[in-house]
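Observations on the model geometry
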Amino acid sequence: MLQTTISLRQLLRQKRNNISSSDRTIFDHSINQSIISTALLLRSPKIASYLANDGEPALDLFIKTCSAGPSRHYLPVLNKQQLKFSSYSWGDELKSNCFNIPEPSIKHVLSPRLLSTILIPLVGFDHLGHRVGMGGGYYDRTLSFMRNPLCQKKPLLIGIAYSVQKTQDIKPEPWDVPLDAVITEQGLTCFSVKAKHYLRNSF
Ligand SMILES: Nc1ncnc2c1ncn2[C@@H]1O[C@H](COP(=O)(O)OP(=O)(O)OP(=O)(O)O)[C@@H](O)[C@H]1O
Ligand SMILES: [Mg+2]
């Protein structure tokens, strides 16, 4: 029987928070190395990621690497009930928002339509790329333009997670926006043809 999404979220958040700090250090290193070893930093000019919250994988090494290269790096900033993205290089000043999540203090915001890649934190994912987040609907509202079949220019959506967050129990809702790929400590899984083309021809 399918669990309700609320109890599924609780279970998966607990699994994520139960990862020991020694495993977390090893897993985070592997996740960051996997992102860096894709072709993203060569091919994707505008990449958004996030600062870890609630036990999410920390992308510090990726953010530092991206900040030193040719791609521009962005972090999400709350904008009413949606997210915009503000340019952020490692070391720039941050200021906490109403959820106590740090955001760039100087905001030059960009629409998600103009990003080439978004690295998205998640609570759960399945073998088809369906995603469950924290339940606020922020990413789904922000990315709703991607559900329009006429939309031609879409950012590549890469979920970032630990492998314990994989589940069979996701029943996607009509507003959910699926992922192109997921990266965990076990490596890259591509769900879309676009992700296979963009991420696998990297070496
Ligand atoms: N495009 C949308 N337009 C209006 N409401 C939306 C949209 N997308 C999501 N919502 C609302 O947000 C609520 C939470 O959505 P959902 O349970 O899918 O969150 P989530 O995917 O876990 O969160 P997030 O997107 O922040 O990661 C839903 O109850 C839904 O009503
Ligand atoms: Mg959703």
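Summarised in this report is the structure supplied together with it. (Residues numbered from 1 in each chain as written. Chains lettered and ligands numbered in written order. Predicted model: local features only at pLDDT ≥ 70, side-chain atom pairs only at ≥ 80, totals over all residues. Heavy atoms only, no water.)

The subject of this paragraph is the environment of leucine 51. Turning to its location among the elements, leucine 51 is positioned in the loop between strand S1 (46-48) and helix H4 (60-67). For leucine 51, the contacting residues outside a window of four places in its chain are Glu56, Ile63, Leu75, Leu94 and Pro102. (Helix = DSSP H or I, 4+ residues; strand = E, 2+ residues; numbered from the N terminus. Contact = heavy atoms within 4.5 Å.)

Take the packing of aromatic side chains next. Within the structure shown, the criterion is met by two aromatic pairs. Each ring, one from phenylalanine 27 and one from tyrosine 162, has its centre 6.1 Å from the other, and the planes form 50°; the classification is tilted. Pair noted here: phenylalanine 27 is in helix H2 (residues 21-37) and tyrosine 162 is in the loop between strand S10 (156-160) and strand S11 (181-184), with a separation of 135 residues, a long-range link. Under the relative-accessibility criterion, tyrosine 162 is labelled buried at 0%. Arranged with centres 6.0 Å apart and planes meeting at 80°, the rings of phenylalanine 99 and tyrosine 138 form a pair that is edge-to-face. Within this pair, whereas phenylalanine 99 is found in the loop between strand S4 (94-96) and strand S5 (102-104), its partner tyrosine 138 is found in helix H5 (residues 138-142), the two being separated by 39 residues in sequence. (Phe/Tyr/Trp six-rings, centres within 6.5 Å; stacked < 30°, edge-to-face > 60°. Buried < 20%, exposed > 50% of the residue type's maximum accessible area, 1.4 Å probe, protein only.)

Turning next to the coordination of the magnesium ion (ligand 2). Taken together, Asp140 (OD) and Asp176 (OD) make up the protein donors of the magnesium ion (ligand 2), found 2.0 Å from the metal. With aspartate 140 in helix H5 and aspartate 176 in the loop between S10 and S11, this pair connects stretches of sequence that are 36 residues apart. (Donors = N, O, S within 2.8 Å, 3.2 Å for Na, K, Ca; no water.)

Let's shift gears to helix H6 (residues 193-200). Every buried residue belonging to H6 is among Ala195, Tyr198 and Leu199, and all of these are buried. What you see down the axis of H6 is that its buried residues fit within an arc of 85°, all on one side. Residues of H6 that are exposed and angled more than 90 degrees away from the buried face: Val193 and His197. In this structure, the buried side of H6 is in contact with helix H3 (40-43), strand S7 (117-121), S10, S11 and strand S12 (187-190). (Arc of directions from axis to C-beta.)

Okay, the environment of valine 109 next. Assignment of secondary structure puts valine 109 in strand S6 (residues 109-110). Spatially, the C-alpha atoms of valine 109 and lysine 95 are 15 Å apart, while their sequence positions differ by 14 residues. Once you skip the residues sitting within four places of it in the chain, valine 109 turns out to touch Val77, Lys84, Phe85 and Ser86.

On to the site of ligand 1, then. Near ligand 1, the surroundings consist of 15 residues, among which Arg9, Arg131, Tyr138, Asp140 and Trp175 are the closest. With respect to ligand 1, the side chain of arginine 131 contributes an N or O atom lying 2.7 Å from an oxygen atom. Here an oxygen atom of ligand 1 and a backbone polar atom of tyrosine 139 are 3.1 Å apart. Contact with the protein chains removes 71% of the 640 Å² of surface that ligand 1 exposes when unbound. (Near = heavy atom within 4 Å. Polar contact = N/O pair within 3.5 Å; in protein donor to acceptor, adjacent residues only side chain to side chain. Areas by Shrake-Rupley, 256 points an atom, 1.4 Å probe, with all protein chains shown as cover.)

Turning our attention to the pairing of strand S3 (residues 82-87). Bridging between strand S2 (residues 72-79) and S3 involves six bridges; their strand directions are antiparallel. Bridging from a neighbouring strand, tyrosine 74 pairs with serine 87 of S3. Between S2 and S3, which pair antiparallel one after the other, the connecting turn spans two residues, and lysine 80 there sits at a positive phi close to 60°. Of the pairings in the sheet, the one linking S3 to S6 comprises two bridges and is antiparallel in character. (Pairing = 2+ DSSP bridges.)

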